[in-house]
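The primary structure of each chain is shown beneath.
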Amino acid sequence: MSLPANLAYTEEHEWIEDRGEVARIGITEHAAGALGDIVFVQLPEVGDQIESGQACGELESTKSVSDLFAPVTGEVVAINESVVDDPAVVNADPYGEGWLIEVRVTETGATLTAQQYSELINE
């Protein structure tokens, strides 16, 4: 399983990519694998305020429904419409085309390095 070193991770299995003024957010390959085939993605609207640690969306798979927890506080500035239209993209490329939202960050919650996240999921 790949864990890009340039990303920060959360204990709730989200990743954060710092892109200057905004952060791109998605779920990890580990989370996508645990969920199974994702069939529905519900994301916040552009302009919504999200709060670190709070649910801000939902991913539904053939196995279960899982909340998307905001790893940062801020304003949603973009959503990935392609994953709403074709949720399987999240399973196929969770760190690339399967990103979920972009947020203008005012505060970042607790994060882990790739090494720390690897240790978490391998416990």
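Each remark here, short or long, concerns the structure printed above.
Residues numbered from 1 in each chain as written. Predicted model: local features only at pLDDT ≥ 70, side-chain atom pairs only at ≥ 80, totals over all residues. Heavy atoms only, no water.

## Digging into the side chain of Asn80
The criterion, for reference: The way it works is that DSSP assigns letters per residue, a run of H or I at least four long becomes a helix, a run of E at least two long becomes a strand, and they are numbered from the N terminus. Burial here depends on accessible area, computed with a 1.4 Å probe over protein chains only, as a share of the maximum for the residue type. Under 20% is buried, over 50% is exposed, and the range in between is partly exposed. When checking whether two residues touch, look at their non-hydrogen atoms; a contact exists if any pair is within 4.5 Å.
Within the secondary structure, Asn80 is located in the loop between strand S8 (72-79) and helix H2 (81-85). The exposure class of Asn80 is buried, given its relative accessible area of 5%. With near-sequence residues (within four places) excluded, Asn80 lies in contact with Leu43, Glu97, Gly98, Trp99 and Leu100.

## Considerations on the side chain of Thr10
What counts is decided by this rule: By the criterion applied in these results, polar contacts are pairs of N or O atoms within 3.5 Å in which, for protein atoms, one can donate a hydrogen and the other can accept it, and in which residues neighboring in sequence qualify only through two side-chain atoms.
Summarising the element assignment, Thr10 is placed in the loop between strand S1 (8-9) and strand S2 (14-19). Engagement of the side chain of Thr10 in a polar contact is seen with the side chain of Glu14, the distance being 2.9 Å.

## Comments concerning a negative patch on the surface
This is how the line gets drawn: Residues qualify for a patch when their relative accessible area is over 30% and they have no salt bridge, like charges being joined within 9 Å and the nonpolar side chains of Val, Leu, Ile, Met, Phe, Trp and Tyr within 5 Å. Calculation of accessible area relied on Shrake-Rupley with a 1.4 Å probe; when residues are assessed, cover is drawn exclusively from the protein chains displayed. One side-chain nitrogen of Lys or Arg within 4 Å of one carboxyl oxygen of Asp or Glu is enough to make a salt bridge. By the counting rule applied here, Lys and Arg register as positive and Asp and Glu as negative, while His and the ends of each chain are not counted. To locate a charge, take atom NZ for lysine, CZ for arginine, CG for aspartate or CD for glutamate.
Taken together, the side chains of Glu45, Asp48, Glu81, Asp85 and Asp86 present a region of like negative charge at the surface. Of note, Asp48 is situated in the loop between strand S4 (38-42) and strand S5 (49-50). The partly exposed category is assigned to Asp48, whose relative accessible area is 31%.

## A look at the pairing of strand S3 (residues 22-27)
Condition: By this definition, two strands are paired if DSSP reports at least two bridges between them.
Counting buried residues in S3 gives 6 out of 6 residues, a clear majority hidden from the surface. Side chains of S3 alternate between two faces, with Val22, Arg24 and Gly26 and Ala23, Ile25 and Ile27 buried alike. Where S2 and S3 come together, 6 bridges link them in antiparallel fashion. The partner of Glu14 across the bridge, within S3, is Ile27. Where S2 hands over to S3, the hairpin turn is made up of 2 residues, of which Gly20 adopts a positive phi near 90°. Relative to strand S9 (residues 101-108), S3 is paired through 4 bridges, and the arrangement is antiparallel. Paired with Ile25 across the two strands is Ile101, which belongs to S9.

## Examining the sheet that holds S1
As summarised here, the arrangement of the 6 strands in space is S1-S2-S3-S9-S8-S5, forming an open sheet in which the pairing is antiparallel. On the outer flanks of this sheet lie S1 and S5, each paired with one strand and no other.

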